[in-house]
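Notes for the structure review
Here is what each chain is made of, one letter per residue.
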Amino acid sequence: MGIDYSKRPSAPPAGSGPVSLSKVTLTKSAPSVSLSKQGGGGRLHVNLNWNQNPAGGQQQKGGFLKRVLGAAGGGIDLDLAALFELADGRSGVVQALGDAFGSFDGPPYVNLDADDRTGAAVGGENLYVNLAQIGQIRRLLVFAFIYQGVASFDQADAVVTLTPAQGAPIEVRLDEQAGGARMCAIALLTNTGNDFTVSREVRYVSGHRELDQAYGWGLNWTAGRK
């Protein structure tokens, strides 16, 4: 899997104690993990990427927005995003749709670095969560949706990797049957008292309103463009 860790911060300072860098994969049988037990702190890097094996057997690797169905000859535009709920009750969404890229240093303390609509970025799409402000965040729901193109998550072999600044990567694979769903709730981060529990979701829904209803966010949704 071509995950790009080039933006990961440098190693922790001397004296901070050893941290295991063994990857943790969340599954149905082991669906959650404490972020602090993974050595979490500083910045959480959330990356979404995929790997496609076309019919000819030649492996195709690249950004999350690359063409998924090579035989179909059409491009597909998928977006990484997050719903947020802050400790003071404010809530909303961070996504390219509507240019809601968020903010790392101010509320909601979550930002999307860019929107790759061409699929040219080998590192896929990336979200960053400011863990120095964890007390200001009640919960986050990381999700992805098909903005454009005729395809299914079934063909994408997608994976999300959550990498703390000083800890082991936490991996969630989108390996459930998606049917015709165009949106997937991937991971739910819940504040448990100055710590996040990361829970595997991999729940497919038809759109933003259905996602909101499933997790009780209570937002008002209108059509948007990017």
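As the structure is a computational prediction, the values presented were derived from the model and not from experiment. (Residues numbered from 1 in each chain as written. Predicted model: local features only at pLDDT ≥ 70, side-chain atom pairs only at ≥ 80, totals over all residues. Heavy atoms only, no water.)

Within the protein chain, the secondary structure is distributed over one helix and 14 strands. Classification of the 226 residues of the protein chain by burial places 48% in the buried group. Pairs at least 24 residues apart make up 68% of the contacts formed inside the protein chain by residues separated by at least 6 positions. Accessible surface, the protein chain: about 10,300 Å² in total, of which carbon and sulfur atoms supply 47%. (Helix = DSSP H or I, 4+ residues; strand = E, 2+ residues; numbered from the N terminus. Buried < 20%, exposed > 50% of the residue type's maximum accessible area, 1.4 Å probe, protein only. Contact = heavy atoms within 4.5 Å. Areas by Shrake-Rupley, 256 points an atom, 1.4 Å probe, with all protein chains shown as cover.)

Moving on: the packing of aromatic side chains. A full pass over the atoms with the stated rule returns one aromatic pair. For Arg 139, the ring lying beneath its charged end belongs to Trp 217, and the centroid distance is 3.7 Å. The ring of Tyr 215 has Arg 203 lying over it, and the distance from NZ or CZ to the ring centre is 5.4 Å. (Phe/Tyr/Trp six-rings, centres within 6.5 Å; stacked < 30°, edge-to-face > 60°. Lys NZ or Arg CZ within 6 Å of the ring centre and 35° of its normal.)

Moving on: the confidence of the model for the protein chain. On average, residues of the protein chain score 76 in pLDDT, and 68% of them are at 70 or above. A low-confidence stretch, residues 52-75 (pLDDT under 50), is modelled with 61 contacts involving residues beyond four sequence positions or located in other chains. (pLDDT = per-residue confidence, 0-100.)

The residue Tyr 109 is located in the loop between β7 (102-103) and β8 (110-112) in this model. It is 8.0 Å that separates the C-alpha atoms of Tyr 109 and Ile 137, two residues lying 28 residues apart in sequence. Those residues in contact with Tyr 109, other than ones at most four positions away along the chain, are Ser 103, Phe 104, Tyr 128, Val 129, Asn 130, Gln 133, Gln 136 and Ile 137.

Next up on the list: helix α1 (residues 208-215). Taken together, the buried positions of α1 are occupied by His 208, Leu 211, Asp 212 and Tyr 215. End-on, the buried residues of α1 take up no more than an arc of 100°, which puts them together on one face. (Arc of directions from axis to C-beta.)

So, about the pattern of salt bridges. Oppositely charged side chains are able to pair whenever their charged atoms sit close together. Across all of its chains, the model carries eight salt bridges by this definition. The closest approach of N and O atoms between Arg 138 and Glu 85, which form a salt bridge, is 2.9 Å. Of this pair, Arg 138 sits in strand β10 (residues 137-148) while Glu 85 is found in strand β5 (residues 77-86), placing the two residues 53 residues apart along the sequence. The salt bridge partner of Glu 85 is Arg 139, with a shortest N-O separation of 2.6 Å. Residue Glu 85 is found in strand β5, and its partner Arg 139 is found in strand β10; the two are separated by 54 residues along the sequence. By the burial criterion, Glu 85 is buried, and Arg 139 matches it. If you follow the salt bridges from partner to partner, you end up with Lys 28, Asp 175, Glu 176 and Arg 200 in one network. (Salt bridge = Lys/Arg side-chain N within 4 Å of Asp/Glu carboxyl O.)

By the element assignment, Leu 211 lies in helix α1. For the pair formed by Leu 211 and Ala 185, sequence separation is 26 residues and the distance between their alpha carbons is 7.4 Å. In this structure, Leu 211 is in contact with Leu 83, Leu 141, Phe 143, Met 183, Ala 185 and Val 205, ignoring residues within four places of it in sequence.

All right, on to unusual backbone geometry then. A cis amide bond links Pro 107 with the next residue in sequence, Pro 108, at an omega value of 10°. In this model, Asn 194 sits at a positive phi of 60°, which is unusual for a non-glycine residue. Examined against the element boundaries, Asn 194 turns out to sit in the loop between β13 (183-191) and β14 (196-205). Positive phi, normally seen in glycine, also occurs at Val 202, with a value near 45°. Within the element layout of this structure, Val 202 appears in strand β14. Given a relative accessible area of 7%, Val 202 falls into the buried group.

Phe 153, Leu 162, Ile 186, Leu 189, Phe 196 and Val 198 are the most contacted members of the largest nonpolar core, which totals 42 residues. Aside from chain neighbours lying at most four places away, what touches Phe 153 is Leu 78, Ala 144, Phe 145, Ile 146, Leu 174, Ala 178, Ala 181, Arg 182, Met 183, Cys 184 and Tyr 204. Of all hydrophobic cores here, the second largest spans 15 residues; its members include Leu 83, Leu 97, Leu 141 and Val 205. (Core = buried A, V, L, I, M, F, W, Y, C linked by side-chain atoms within 4.5 Å.)

Taking burial as the measure, the six residues of strand β9 (residues 125-130) include six buried ones, the bulk of the element. Burial of β9 is two-sided: the residues Glu 125, Leu 127 and Val 129 facing one way and the residues Asn 126, Tyr 128 and Asn 130 facing the other way are all buried. By the bridge criterion, three bridges tie β8 to β9 in an arrangement that is antiparallel. Pairing of Asn 111 across the sheet is with Tyr 128, part of β9. (Pairing = 2+ DSSP bridges.)

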